[in-house]
Every structure is written in C-alpha cells, then in structure tokens.
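In case you want the letters, here they are:
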Amino acid sequence: MGISRRKFIGKSLLVTSGGIAAWNNAKGLNPVFTGKQNAKDIKVFIPMPIQIVIDDVGWWSGEDGSKRNEPYRTGINRRHVPADYQAICDLGKALGIRPQAATILCEWDKENICGKVPSATWMGSSWDNRGNVGQWMEEAADIIRSNSKNIELTIHGVGHEFWENGIFTRAEWADNNGVMRSPDIVNMHLDLYAALLDQHNLGPFPESFVPCAFRHSFGVSEGRNISLASILEKRGVKYINTPFSIMLNSKAVQNTYFGFDSGVITVDRGHDQFNWDVFPADPAAPVTGPTIGMHWPNLLHPDPSRNGMIVGKWIKYLQPVTRTPDMMLAPDSVVFRNQLLHNQLTKVSLRGNIADFDFSEKDKTAGKKLKDEIYIKFRSDSRLNFKPEALKIELSVIEENGYLYVIKAERTGPGKSGAIRII
C-alpha cells in the first residue's frame, strides 16, 4: 500500500489591473492573489519543481540477502541486466529530464578492491566479486555514458549496509539512529566509491547524495565534531535528498522543505508512493512533490524485455505535470534545487500589469551560488505578450484548455529584483 506524501503547494497569484483583491495566508500556503486585468483572467505561478529520485540502482543480484548478513539489494526474483539501466534513460528521455539514479557500486567491482575496506561489504577482506563481472558491465556503462542527458548518477553507497566484526548493521553512512560513522570510515568509503566509478569511466564524482536506508543527521551528530554534509561538501557534493521524518536533528532545518548544512542543501523527500520492493509498480497517487522517490524495482518488469510497459505507465503518470501551472518537472538537479528556493523564498508583488520579483531572501541563502534562473508559468484564456525588465527570458506555450506560458528567466543585472510586464 502506498503512503501519501505531505502536500507541497506552489506559489500562485492572479494578476490584476487594480491590485490585490484577496490574499490567502492560511498556514502552510504560499501567496494567492485574485483579480482581473483587461477583462482577462491571468494567473501567474512560480511552480514547485518535481524531481525523480530512484534508489538502489547498481545491484546485479536482485536477491534480498538481509537474512544471511548480506544487503537487502532490490529484493526482486531475477538478476539485473543492462535493460534495467536503459529503463531509467528511457524515462528521462521521454520526459526531458535527468532522473537521479542513487547508485550502489560494490557489485561493479572488477578488481576486488572492496576487500581493502572490510566494513563496506559482507565478505570483508575476503571480498570476491568475480561472479558479477561480465560483458553486461560494459553494456550498462555504455548506456549510462551515452545517455548522460537522461540519467544522473547519485551517490548512494558501496554496499548499502555497514559490517562491523563481520556483522551488518544499518546503514553505511550512519547508524540506525542517524549518528554518522567515524569520519575516517566515511572518507574510506567515499574514496572506494570514487575508485569504483573510475573502473568503468562513469564520469566525475557525483554532486548529489541519498543516504542509505535514509539514516542521516542534519548537522553534527552525537560524538562527532563535523557533519556528513561537511565531508561531502569537500568532495563537491551540493545536494542531499532524504526524508525529514526520520532524519536526526530535523528540527534544525531552516525551511519546511529544505535546509543548508555546511553549504549543502538538504531536501525533504517526503514519503515514497511504493515500498522499496514493489515489483512492478502502477503509479496513481496525486503528484505533490517536490521529490517523487522510488526504488529501482518500482520502474521494472519481471521480464526485462517488457520494462517499457512499466516505464510507459510512469511516463503517462508524470506527463501531466508539464501542463500543471503550479508544478514543473525539473530537467536536472541543479534546476531542481534552484527552483525550489525560488518557490519558497522569491517574493512577488503587482503594480498594475507588472509582476515584480524580489530575490533578496533567496540571495541570503547558500543557494545564491547556483545559476540564477527562475521558471515562471502564466495561465490565461487569451494570448499574452511579455516584456522583461532586468531579466532575460525564453518562452514556450502549451495550448490546451487555454494558454499556459512557460518562461525561463535569467537575471541580467546585479540587483535583487526583476519584473515582467504583461502586454
């Protein structure tokens, strides 16, 4: 049974010629303005970005080995094949996005280097991965490399769990209470992760991270003088995605949906629609965002040659988001985290037919280092034209039950504001 996510509501307003007719300031809602301009109803939105995050990618064995001191893996009754990676890319290509593939890499080890870090796998120093080495590795690696626009490898872990004296505990980066493993251990696992990426030329070290089993602490945990985010930040990681409901120190988060920890943005994943081992899944719950989290089996078919059937269901489920005024599918994780900050922090006011944007609150956060773009949607029953001020814009239009204008705007000056005149 799926678990409903917390509802995420995007900013919306209605442009008027005479000002603001009504203001909805109910707790948890962003501003909503109502009115008319030139007898045309015009609604303007800073849409909530929606991002797809897929956990536990990377296993070759699908076996749930938890009952015999091995990882849970994906829990499916077959081995994974290159077509399972292609399924992620096909989803991304159809939707024009880069789904994040939170990847486990120990079973990609073709040189048995994991034995150098006994806490990373169930075999410890006796690690032997020869049974998982084969031409399928290169086939899958080629799929990942040649589809870089439609898949983003994200750090998940080496072996997902943590083995101490040969016995596994949850989880790799933090214990069951969310207390980070020792910094030395964390760095050894991260070094190993980077070396496994290099074995297959899978690209630079990822900029995003999903903690294994969602065991994580926001900020410093007991007995540690640095946070996991601070260690990751030194390696170029800029973004962590995890549910706040089980995150240690979640009360320290600065915003309902995100917080900055050592300059790294941590975003609330909410609750996944499906359990980790639902295989396959048939999505139907309302999209509320900002993260659509899932596990790899949720996207796949028992017969990998029929993965397209399940991918097709997810495509059909997600495509309407592009036509929803108050939401958008984020094309990648950079746009995602930047747009989330705008959705929550950018202020909008009206002067007749001019929509003014105040970026000052966003500029106070660590997010100011991101490329300064904002996506805006205008909804109208009639055709509109737009004239930007202190903004450079790109415009696309969806004609379906009226006009939905999608504007990608970039600030062109050093100021903390911009405007769009509706003509």
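Small disclaimer: the values here were computed from a predicted structure and weren't measured.

1. Observations regarding the overall build of the protein chain
Then comes step 1: When its secondary structure is counted, the protein chain shows 7 helices and 20 strands.
Then comes step 2: Across the 423 residues in the protein chain, those meeting the buried criterion constitute 56%.
Then comes step 3: Partitioning the contacts of the protein chain with sequence separation of at least 6, the portion at a separation of at least 24 is 70%.
Then comes step 4: Summed over all atoms, the accessible surface of the protein chain reaches about 17600 Å², with 50% contributed by carbon and sulfur.

2. Observations concerning the packing of aromatic side chains
Then comes step 1: Applying the stated criterion across every chain, the model contains 18 aromatic pairs.
Then comes step 2: Here Trp-60 and Tyr-85 contribute two aromatic rings whose centre-to-centre distance is 5.7 Å and whose plane-to-plane angle is 50°, an arrangement assigned as tilted. Of the two residues, Trp-60 sits in the loop between β3 (48-57) and α1 (82-95) while Tyr-85 sits in helix α1, which places them 25 residues apart along the sequence.
Then comes step 3: What makes Trp-60 buried here is its relative accessible area of 0%.
Then comes step 4: Pairwise contacts between aromatic rings join Tyr-72, Trp-122, Trp-127, Trp-163, Phe-168 and Trp-276 into one cluster.
Then comes step 5: For Arg-73, the ring lying beneath its charged end belongs to Trp-59, and the centroid distance is 5.5 Å.
Then comes step 6: The ring of Phe-162 carries Arg-181 above its face, with NZ or CZ at 4.0 Å from the centroid.

3. What to know about the environment of Lys-387
Then comes step 1: Mapped onto the secondary structure, Lys-387 falls in strand β17 (residues 386-389).
Then comes step 2: C-alpha separation for the pair Lys-387 and Ile-422, spaced 35 residues apart in sequence, amounts to 6.6 Å.
Then comes step 3: Leaving out residues up to four positions away in the same chain, Lys-387 has contacts with Ala-419, Ile-420, Arg-421 and Ile-423.

4. Here's the deal with the environment of Thr-288
Then comes step 1: If you trace the backbone, Thr-288 turns up in the loop between β11 (264-268) and β12 (291-295).
Then comes step 2: Between the alpha carbons of Thr-288 and Ile-50 there is a distance of 8.2 Å; along the sequence they are 238 residues apart.

5. Regarding the pairing of strand β10 (residues 258-261)
Then comes step 1: Residues Phe-258 and Phe-260 of β10 are buried on one face, and the alternating residues Gly-259 and Asp-261, pointing to the opposite face, are buried as well.
Then comes step 2: Across 4 bridges, the pairing between β10 and β11 is antiparallel. In the strand pairing of β11, Asp-261 is matched with Val-264.
Then comes step 3: Hairpin remark: β10 followed by β11, antiparallel, with 2 residues in the connecting loop; positive phi at Ser-262, about 55°.

6. Overview of the pattern of salt bridges
Then comes step 1: Going through the model one piece at a time under the given rule, you end up with 21 salt bridges.
Then comes step 2: A salt bridge links Lys-313 to Asp-282; the nearest nitrogen and oxygen atoms lie 4.0 Å apart. You can see Lys-313 sitting in helix α5 (residues 307-318) and its partner Asp-282 sitting in the loop between β11 and β12, a full 31 residues away along the chain.
Then comes step 3: When the shortest N-O distance is used, the salt bridge between Arg-383 and Glu-399 registers 3.2 Å. With Arg-383 in the loop between β16 (373-380) and β17 and Glu-399 in strand β18 (residues 391-399), this pair connects stretches of sequence that are 16 residues apart.
Then comes step 4: Residue Glu-399 is classed as exposed on the basis of its relative accessible area of 53%.
Then comes step 5: One salt-bridge network, in which partners are shared between bridges, spans Glu-63, Arg-68, Glu-70, Arg-73 and Glu-107.

7. With respect to the sheet that holds β17
Then comes step 1: Pairing in this open sheet of 4 strands is antiparallel, and the strands run β14-β15-β20-β17 from one edge to the other. For this open sheet the edge positions go to β14 (347-351) and β17, each flanked by a neighbour on one side alone. Going from strand to strand, the sheet's axes swing by 20° on average, the running direction of each strand aside.
Then comes step 2: Judged from the 5 bridges that link them, β14 and strand β15 (residues 354-358) form a sheet pairing that is antiparallel. Bridging from a neighbouring strand, Leu-350 pairs with Ala-355 of β15.

8. Observations regarding the nonpolar core
Then comes step 1: Formed by 86 residues in total, the largest nonpolar core has its most connected members in Tyr-85, Leu-91, Trp-108, Leu-299 and Trp-314.
Then comes step 2: In this structure Trp-314 touches Leu-91, Phe-274, Ala-281, Pro-283, Ile-292, Met-294, Asn-298 and Leu-299, once residues within four positions along its chain are discounted.
Then comes step 3: With 20 residues, the next largest nonpolar core counts Ile-46, Phe-378, Tyr-403 and Tyr-405 among its residues.

9. Quick notes on unusual backbone geometry
Then comes step 1: The omega torsion of the bond from Arg-170 to Ala-171 falls at 0°, within 30 degrees of zero and hence cis.
Then comes step 2: Its place among the elements puts Ala-171 in the loop between β7 (167-169) and α3 (183-199).
Then comes step 3: Pro-280 follows Phe-279 through a cis peptide bond whose omega is -5°.
Then comes step 4: Considering the arrangement of structural elements, one finds Pro-280 in the loop between β11 and β12.
Then comes step 5: Positive phi, close to 55°, is recorded for Ser-262, a residue that is not glycine.
Then comes step 6: Relative to the elements of secondary structure, Ser-262 occurs in the loop between β10 and β11.

10. Description of the side chain of His-295
Then comes step 1: Inspection of the secondary structure puts His-295 in strand β12.
Then comes step 2: Residues within four places of His-295 in sequence aside, it is in contact with Ile-54, Asp-55, Asp-56, Arg-269, Asp-272 and Trp-276.

11. Description of the packing of α1 against helix α2 (residues 135-146)
Then comes step 1: Two elements in contact, α1 and α2, have axes whose closest approach is 9 Å; the angle formed by their N-to-C orientations is 10°. It follows from the interaxial angle that α1 and α2 lie roughly parallel. In this structure, α1 contributes Pro-82, Tyr-85, Gln-86 and Cys-89 to the contact, and α2 contributes Trp-136, Glu-139, Ala-140, Ile-143 and Ile-144.
Then comes step 2: A breakdown of the residues in the contact of α1 with α2 according to their chemical character gives 7 nonpolar, 1 polar and 1 charged.

The rules behind these values
- Residues numbered from 1 in each chain as written.
- Predicted model: local features only at pLDDT ≥ 70, side-chain atom pairs only at ≥ 80, totals over all residues.
- Heavy atoms only, no water.
- Helix = DSSP H or I, 4+ residues; strand = E, 2+ residues; numbered from the N terminus.
- Buried < 20%, exposed > 50% of the residue type's maximum accessible area, 1.4 Å probe, protein only.
- Contact = heavy atoms within 4.5 Å.
- Areas by Shrake-Rupley, 256 points an atom, 1.4 Å probe, with all protein chains shown as cover.
- Phe/Tyr/Trp six-rings, centres within 6.5 Å; stacked < 30°, edge-to-face > 60°.
- Lys NZ or Arg CZ within 6 Å of the ring centre and 35° of its normal.
- Pairing = 2+ DSSP bridges.
- Salt bridge = Lys/Arg side-chain N within 4 Å of Asp/Glu carboxyl O.
- Axes fitted to C-alpha atoms, helices over the stretch in contact; angles between N-to-C directions.
- Core = buried A, V, L, I, M, F, W, Y, C linked by side-chain atoms within 4.5 Å.
- Parallel < 35°, antiparallel > 145°, perpendicular 65-115°, else oblique.
- Nonpolar A, V, L, I, M, F, W, Y, C, P; charged D, E, K, R; others polar.

Purely spatial values, then, with no claim about function.
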